[in-house]
Amino acid sequence: MIILGIETSCDDTACAIIQASGQIKNPKFKILANVVSSQIKIHEKFGGIVPSLAARTHWKNIIPVMDQTFKKAKKKFQDINLISVTKGPGLPPSLVSGLNTGRLLSFIFKKPILGINHLEGHIWANFLYEVYEAKPRKHKELKFPALVLIVSGGHTELILMKNHGQYKIIGQTRDDAAGEAFDKTARMLGLGFPGGPEIAKLAKIGDPTAFELPRPMIKSKNYDFSFSGLKTAVLYLLQNLKIKPMSRDINPTPHTIYPNLAASFEQAVVDVLVSKTIRAGLSFKVKTILIGGGVAANQKLRETLKSKIEKELPKTVWLFPEPKLTTDNGAMIAAAGYFNWLKKKKSDDVLKLEPDANLRLE
Ligand code: KG4
Ligand code: ZN
């Protein structure tokens, strides 16, 4: 079936058209078009997302993004079998633009519509890599119980999946999300927004052992996280050493203060995320580990987690999404839509689709 995915939960206006077939256990996806219009340039000067500006920009961009998606996919609206749209969690003013666009299309063209949980979308991004290869690769099978680490700008969660669609949040952040910590620390260092990729780039030429930063809650018995103390530790370090934010027009020399700070911070975040994921993997005897959300694009996190799984959980299969598909996109919402369609084969009531800020997986 042909599915239109719409995602506007935060600051990316995203639409995608995918072709989906197969059963829940063995789904096959082909991305026909995946268009993301980023609002980074707009929010950059504020160092974070401004909700009212984000909503206004979604309204401006959603039709051109949709138009480009259909042109790229060489499809007409009549070809669509299902509309899949993010209903939460996210910023309510942003969600409304995608939801209302989807509702209207569903109403006018009499197409079924499903409201999708954004986090479930990040989980389904793990199944979308085939598009980048000439020959479809056989999926690594998702065996249960599975563990998902969601790390994005708004979420840091460890989710235990007993089966498809059965999610239990076993740990989450008590304050800042991992991506938020990257963004706020980048801002303190004078780097651009979003901070994650900026810190990761700078960290590549830094020494991760240069500064001793805390690993908050790494030893706690639960699976919760906390990142605000780490961010504050960086702030105190900058104040104590009287370091000013980095000037953007200089090219830092390897192993100097800014690259070293970036690398030490990145290492601290990765250590905590990997340690808790491995510990949860061991105690719940999981057979698959998946990751999702923007921070899952981080190379250090991917490599460290991969090697720790291979060493400490040799029977566990890791399943990571393409780095490009870890950040918000419409294809992941369309893929999650396919799964929900197979499960319930019933359209949501378009008139009842409302953004709910508290919407959770469980
Ligand atoms: O999933 P996402 O696109 O949006 C939300 O649902 O929040 O995640 C965005 C977050 C931002 O905080 C950004 O700094 C972070 O993902 N991010 C990264 C990297 N790429 C994006 N963090 C660390 N390393 C990266 N390479
Ligand atoms: Zn996201």
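Our subject is the structure that appears above.
Residues numbered from 1 in each chain as written. Chains lettered and ligands numbered in written order. Predicted model: local features only at pLDDT ≥ 70, side-chain atom pairs only at ≥ 80, totals over all residues. Heavy atoms only, no water.

1. Comments concerning the coordination of the zinc ion (ligand 2)
Reasoning step 1: The protein atoms that coordinate the zinc ion (ligand 2) are H118 (NE2), H122 (NE2) and D328 (OD), at distances of 2.0 to 2.1 Å.
Reasoning step 2: For the zinc ion (ligand 2), the single-chain donor residues occur in sequence as H-x3-H-x205-D. With H118 and H122 both in helix α4 (residues 118-124) and four residues apart, the pair spans about one turn of that helix.
Reasoning step 3: A residue is classified by how much of its surface remains accessible, and H122, at 0% relative accessible area, is buried. (Donors = N, O, S within 2.8 Å, 3.2 Å for Na, K, Ca; no water. Helix = DSSP H or I, 4+ residues; strand = E, 2+ residues; numbered from the N terminus. Buried < 20%, exposed > 50% of the residue type's maximum accessible area, 1.4 Å probe, protein only.)

2. Topic: the sheet that holds strand β3 (residues 28-38)
Reasoning step 1: Pairing in this open sheet of five strands is mixed, and the strands run β3-β2-β1-β4-β5 from one edge to the other. Each edge of the sheet is formed by a strand with only one pairing partner; in this case those strands are β3 and β5 (113-117). In this sheet, adjacent strand axes meet at a mean angle of 20° when their direction is disregarded.
Reasoning step 2: As paired elements, strand β1 (residues 2-7) and strand β2 (residues 12-21) share six bridges and run antiparallel to each other. Each bridged residue has a counterpart across the sheet, and for I3 the counterpart in β2 is I18.
Reasoning step 3: Docked against the sheet, helix α2 (residues 51-73) engages β1, β2 and β3, running at close to 30° with respect to β2.
Reasoning step 4: Across the sheet, helix α10 (residues 330-344) touches β1, β2, β3, β4 (82-88) and β5, and the angle it forms with β2 is around 45°. (Pairing = 2+ DSSP bridges. Axes fitted to C-alpha atoms, helices over the stretch in contact; angles between N-to-C directions. Contact = heavy atoms within 4.5 Å.)

3. Focus on the site of ligand 1
Reasoning step 1: As a structural note, the neighbourhood of ligand 1 is formed by 19 residues, with G153, D183, G196, G294 and N298 the closest of them.
Reasoning step 2: At 2.9 Å from an oxygen atom of ligand 1 is found a main-chain nitrogen or oxygen belonging to G196.
Reasoning step 3: Compared with its free state, where it exposes 560 Å², ligand 1 has 89% of that area covered by protein.
Reasoning step 4: Among the secondary structure elements, those contributing two or more residues to the shell around ligand 1 are α4, α5 (178-189) and α6 (195-203). (Near = heavy atom within 4 Å. Polar contact = N/O pair within 3.5 Å; in protein donor to acceptor, adjacent residues only side chain to side chain. Areas by Shrake-Rupley, 256 points an atom, 1.4 Å probe, with all protein chains shown as cover.)

4. Side note on the packing of α6 against helix α8 (residues 257-283)
Reasoning step 1: Between α6 and α8, the least distance of the axes is 7 Å, while the angle of their chain directions is 115°. By the angle class used here, α6 and α8 are roughly perpendicular. Of the two elements, α6 crosses α8, and the hand of that crossing is left-handed. Taken together, the residues of α8 that come into contact with α6 (itself represented by I199, A200, L202 and A203) are Y258, P259, A262, A263, F265 and E266. (Parallel < 35°, antiparallel > 145°, perpendicular 65-115°, else oblique. Left-handed = near helix turned anticlockwise from the far one by under 90°.)

5. Topic: the packing of α5 against α6
Reasoning step 1: Between α5 and α6, the shortest axis-to-axis distance is 7 Å and the interhelical angle comes to 65°. With respect to α6, the element α5 is oriented roughly perpendicular. The element α5 and its partner α6 pack so that their crossing is left-handed. For the pair α5 and α6, contact is made by F182, D183, T185 and A186 and by G195, G196 and I199, respectively.
Reasoning step 2: Residue composition of the contact of α5 with α6, grouped by class: three nonpolar, three polar and one charged. (Nonpolar A, V, L, I, M, F, W, Y, C, P; charged D, E, K, R; others polar.)

6. Looking at the environment of D176
Reasoning step 1: The residue D176 is located in the loop between β8 (166-172) and α5 in this model.
Reasoning step 2: What makes D176 buried here is its relative accessible area of 7%.
Reasoning step 3: Taking the C-alpha atoms as reference points, D176 and P51, separated by 125 residues in sequence, lie 18 Å from one another.
Reasoning step 4: Other than its neighbours up to four places away in sequence, D176 contacts K184, F227, S228 and K231.
Reasoning step 5: Among the polar contacts listed, one links the side chain of D176 to the side chain of K184, at a separation of 3.3 Å.
Reasoning step 6: Of the polar contacts made by the side chain of D176, one reaches the side chain of K231; its length is 3.0 Å.

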